[in-house]
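So you can see what is in the structure, the chains are spelled out below.
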Amino acid sequence: MTAPLGRRVVAEAVGTGLLVTVVVGSGIQATELSHDVGVQLLANSLATVLGLGVLITLLGPVSGAHFNPAVTLSAWATGRRTGEGPGLREVAAYVPAQVAGAIAGAVLADAMFGEPLVRFSTQHRSAGHLLLGEVVATGGLVLLVLGLERVGRAALAPAVVASYIGAAYWFTSSTSFANPAVTIGRAFTDTFAGIAPGSVAPFIGAQLLGVVVGLTAVTVVYGRRDRAATATAAATTTAATTTEAATTTAVTATVAAVVAPHDEPELASP
């Protein structure tokens, strides 16, 4: 990232905060409009997909749009071997900003809908099958984010990551929190999207286990990456770009050579 660290930290706080506002606010709105839990979850997941895609598109160029300590830690873990990704200084700045933003986002959503600004959730979510759902959701997210980078498709992240989260709402038992900062923020609202404070630690533990699972899956699928491999890949990309540019220049020169002064192509001699 070329932006100063201060701006990146602000982007992470704002992005995480708005993400939680979308999740909590759409949950409150859904429960006010329908008593059908399936419809409520559908509205909540759809709003989250759209909001997350917009936030990644808007803030990704500034901070990388992590909005998630699990993603930040995964990027740091892989970056230690390649010399890329955030360093410990960035991690130490990003994670508190994400947590603070998530709490502020929950408070903002409650304020918009006339709910108490801070009322801890009473929704307990610590059952074993829910924790397994968080391991799966977080591991899949880490595999997706790092996998996109490995195959050179990071530009697709806004659509692909948002789509994954939307799907994981439905295919995981936990409705895919997959984010320690968001989990903490959602403890501050006793609404549809809330989670009881007593369930926060088990959820975060499951998410961190999911990070390990995701990193392992990335290594198994794509292989281990080190500084030498990264440098080789960069050199190959640069060489390919240079060759393509040279070819384009040569073709342009050839076309120019066979065009007459009045833009009429000359007939080639037999």
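Our subject is the structure listed above.
The paragraphs below set out a description of the structure included in this document. (Residues numbered from 1 in each chain as written. Predicted model: local features only at pLDDT ≥ 70, side-chain atom pairs only at ≥ 80, totals over all residues. Heavy atoms only, no water.)

**Comments concerning the overall build of the chain**
Where we set the bar: Helix and strand assignments follow DSSP, with helices taken as H or I runs no shorter than four residues and strands as E runs no shorter than two, numbered in order from the N terminus. Any residue under 20% of the maximum accessible area for its type is buried, any over 50% is exposed, and the rest in between are partly exposed; the area is computed with a 1.4 Å probe on protein chains only. Residues count as neighbours in contact if any of their non-hydrogen atoms are within 4.5 Å of one another. Working definition of accessibility: Shrake-Rupley area with a 1.4 Å probe, residue cover restricted to the visible protein chains.
When its secondary structure is counted, the chain shows nine helices and zero strands. When the elements of the chain are put in sequence order from the N terminus, they spell out α-α-α-α-α-α-α-α-α. Out of the 270 residues belonging to the chain, those deemed buried represent 43%. Taking the intrachain contacts of the chain between residues at least 6 apart in sequence as the baseline, contacts between residues at least 24 apart amount to 79%. Just so you have it, the chain exposes about 13400 Å², and 69% of that area is on carbon and sulfur atoms.

**Details of helix H4 (residues 88-112)**
Here is the rule: One less than the residue count of a helix, multiplied by 1.5 Å, gives the span that helix is expected to have.
Between its first and last C-alpha atoms H4 spans 36 Å; for 25 residues at 1.5 Å apiece the expected length is 36 Å, and the two agree. Listed in full, the buried residues belonging to H4 are Glu90, Val91, Tyr94, Ala97, Gln98, Gly101, Ala102, Gly105, Ala106, Ala109 and Asp110. Here the buried face of H4 lies against helix H1 (5-33), helix H2 (37-63), helix H3 (69-82) and helix H7 (180-186). In the stretch just after H4, Gly114 is the one whose phi turns positive, near 70°.

**Topic: the packing of aromatic side chains**
Basically, it comes down to this: For Phe, Tyr and Trp, rings pair up if their centres lie within 6.5 Å, where Trp contributes its six-membered ring, and each pair is then called stacked (planes under 30 degrees apart), edge-to-face (over 60) or tilted (otherwise). By the criterion adopted, a ring carries a charge over it if an Arg CZ or a Lys NZ lies within 6 Å of its centre and within 35 degrees of its normal.
All chains considered together, the criterion is met by three aromatic pairs. Measuring from ring centre to ring centre gives 6.1 Å for Tyr164 and Phe171, while their planes differ by 70°; the resulting arrangement is edge-to-face. Judged by its relative accessible area of 15%, Tyr164 falls in the buried class. Given the relative accessible area of 48%, Phe171 is considered partly exposed. One residue, Arg80, lies across the ring of Trp76, its end atom 4.9 Å from the ring centre. Over the aromatic face of Phe177 sits the side chain of Arg186, whose NZ or CZ is 3.6 Å from the ring centroid.

**Considerations on the packing of helix H5 (residues 128-150) against helix H6 (residues 157-171)**
Helix packing for two helices is described by the angle between their axes and how far apart those axes are. Inclusion rule: Only C-alpha atoms enter the line fits that serve as axes; for helices the fit covers just the stretch in contact. Angles between N-to-C directions range over 0 to 180 degrees. To sort the angles, those under 35 degrees are grouped as roughly parallel, those over 145 as roughly antiparallel, those from 65 to 115 as roughly perpendicular, and the leftovers as oblique. Less than a right angle of anticlockwise turn of the near helix away from the far helix marks a crossing as left-handed, whereas a clockwise turn marks it as right-handed. Classification used: nonpolar for Ala, Val, Leu, Ile, Met, Phe, Trp, Tyr, Cys and Pro, charged for Asp, Glu, Lys and Arg, polar for all others including Gly.
As a packed pair, H5 and H6 sit with axes 11 Å apart at the nearest point and diverge in direction by 165°. Classified by the angle their axes make, H5 and H6 are roughly antiparallel. In terms of crossing hand, the pair formed by H5 and H6 is right-handed. Judged by residue contacts, Val136, Ala137, Gly140, Leu141, Leu144, Val145 and Leu148 of H5 engage Ala157, Val160, Val161, Tyr164, Ile165 and Phe171 from H6. Residue composition of the contact of H5 with H6, by class: twelve nonpolar, one polar and no charged.

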